[in-house]
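What the coordinates show
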Amino acid sequence: MHRIYYCNNGFQLADSPDGAFWIDMIDPDASERDLLISKLNIPPMFLEYLSDDDERPRIERSDSIVMTIIRIPLPNSTPGMPYKTIPLGVISLPDRRVVTLCFHRNLLTEDFAEHTRRMKLCIDNAGNFTLRILYAAASWYLHYLKTLTEDVVGAEKDLEKSVKNNDLMWLMHMQKSLVFFNTSIKGNSMLLERIPKLYCNDIDNELLEDVEIELRQADSTVEIYSNILEGTMDSYSSIISNNVNSVMKRMTGLSIILMVPTFVASLY
């Protein structure tokens, strides 16, 4: 699936790539991959990099084509982890057009386009476009972190009633998601340091500062929630240990009581 946008008080949908600024490719099929390689001259290795879910944030260059790989958050459809992170490529072409490419369906780019229309933003170069995408990714991290917090509060209320393995496993899965968030946000922050050197005069310094603040906030929020969740897991581990000790005390007392008639019977 792909969308083509031109910039006019925000990104508006276009019918053809002629005169367009941004081409958004999401989970491209064989024909769309062929379009990227044959018509836009994007190196096939760029597609291979982005198809790897474990690809780290970095900048790749091939002749005059530059690809910036950003990690973005995504709800996980498979059991085991509520959220994961995936690579999104921002590819700058020699004709000043920009291509975003992701091999997973996500709402980030569509929401970003809607945001630009709502705010009537004018983005006409790859440097500021990449910064805007980084800013959007940081905002989505904060959004999913808020959702994770609500899930933790709900799990804690369930655990106050009774300690169940399913609730503890759910907390552990959320802890895994926070680890992925933490790693990806730090990778995006390191990537941000290289963007001003890459695009030089095409960067809006105020926007760069806003992205830095948003990423720092996302980073600190992940760290806080990770510490809270780790403390919660430790607390419930202590509660479980105390419950086991209480049960063992009762069992020991019952065993002593049963030993008395057994001792009397054995005397006879």
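Residues numbered from 1 in each chain as written. Predicted model: local features only at pLDDT ≥ 70, side-chain atom pairs only at ≥ 80, totals over all residues. Heavy atoms only, no water.

**Notes on the nonpolar core**
Judged by nonpolar contacts, the single largest core of 51 residues is most densely connected at Phe11 and Phe129. Elements that contribute at least two residues to this core include exactly strand 5 (65-75), strand 6 (83-92), strand 7 (98-102), helix 3 (108-119), helix 4 (126-161), helix 5 (165-192), helix 6 (195-199) and helix 7 (205-267). Ranked by residues supplied to this core, first place goes to helix 4 with 15 residues. Aside from chain neighbours lying at most four places away, what touches Phe129 is Phe11, Phe21, Trp22, Val90, Val98, Thr100, Phe112 and Ile123. (Core = buried A, V, L, I, M, F, W, Y, C linked by side-chain atoms within 4.5 Å. Buried < 20%, exposed > 50% of the residue type's maximum accessible area, 1.4 Å probe, protein only. Helix = DSSP H or I, 4+ residues; strand = E, 2+ residues; numbered from the N terminus. Contact = heavy atoms within 4.5 Å.)

**Thoughts on the layout of surface pockets**
Roughly 290 Å³ of volume is contained in the largest pocket. Counting residues per element, the ones that place at least two in the lining of the largest pocket are helix 3, helix 4 and helix 7. Per-element accounting of the lining of the largest pocket gives the leading share, 5 residues, to helix 4. The computed volume of the second largest pocket comes to approximately 210 Å³. Lining of the second largest pocket is provided by 13 residues; of these, Ser92, Leu93, Ala126, Tyr199 and Asp202 occupy positions nearest its centre. Secondary-structure elements contributing two or more residues to the lining of the second largest pocket are helix 4 and helix 6. Residue classes in the lining of the second largest pocket are distributed as 6 nonpolar, 4 polar and 3 charged. (1 Å grid on protein atoms, 1.4 Å probe; cavity = no way out; pocket = protein on both sides within 12 Å on 5 of 7 lines; lining within 4 Å. Points joined across faces, edges and corners; volume = space filled by probe spheres on them. Nonpolar A, V, L, I, M, F, W, Y, C, P; charged D, E, K, R; others polar.)

**Looking at the pairing of strand 5**
For strand 5, the buried fraction is high: 10 of the 11 residues fall into the buried class. Sheet topology places strand 4 (residues 58-62) next to strand 5; 5 bridges connect them, and they run antiparallel. Bridge pairing in strand 5 links Arg58 to Ile69. Counting the residues between successive antiparallel strands, the hairpin from strand 4 to strand 5 contains 2 residues, one of them, Asp63, with a positive phi of roughly 60°. (Pairing = 2+ DSSP bridges.)

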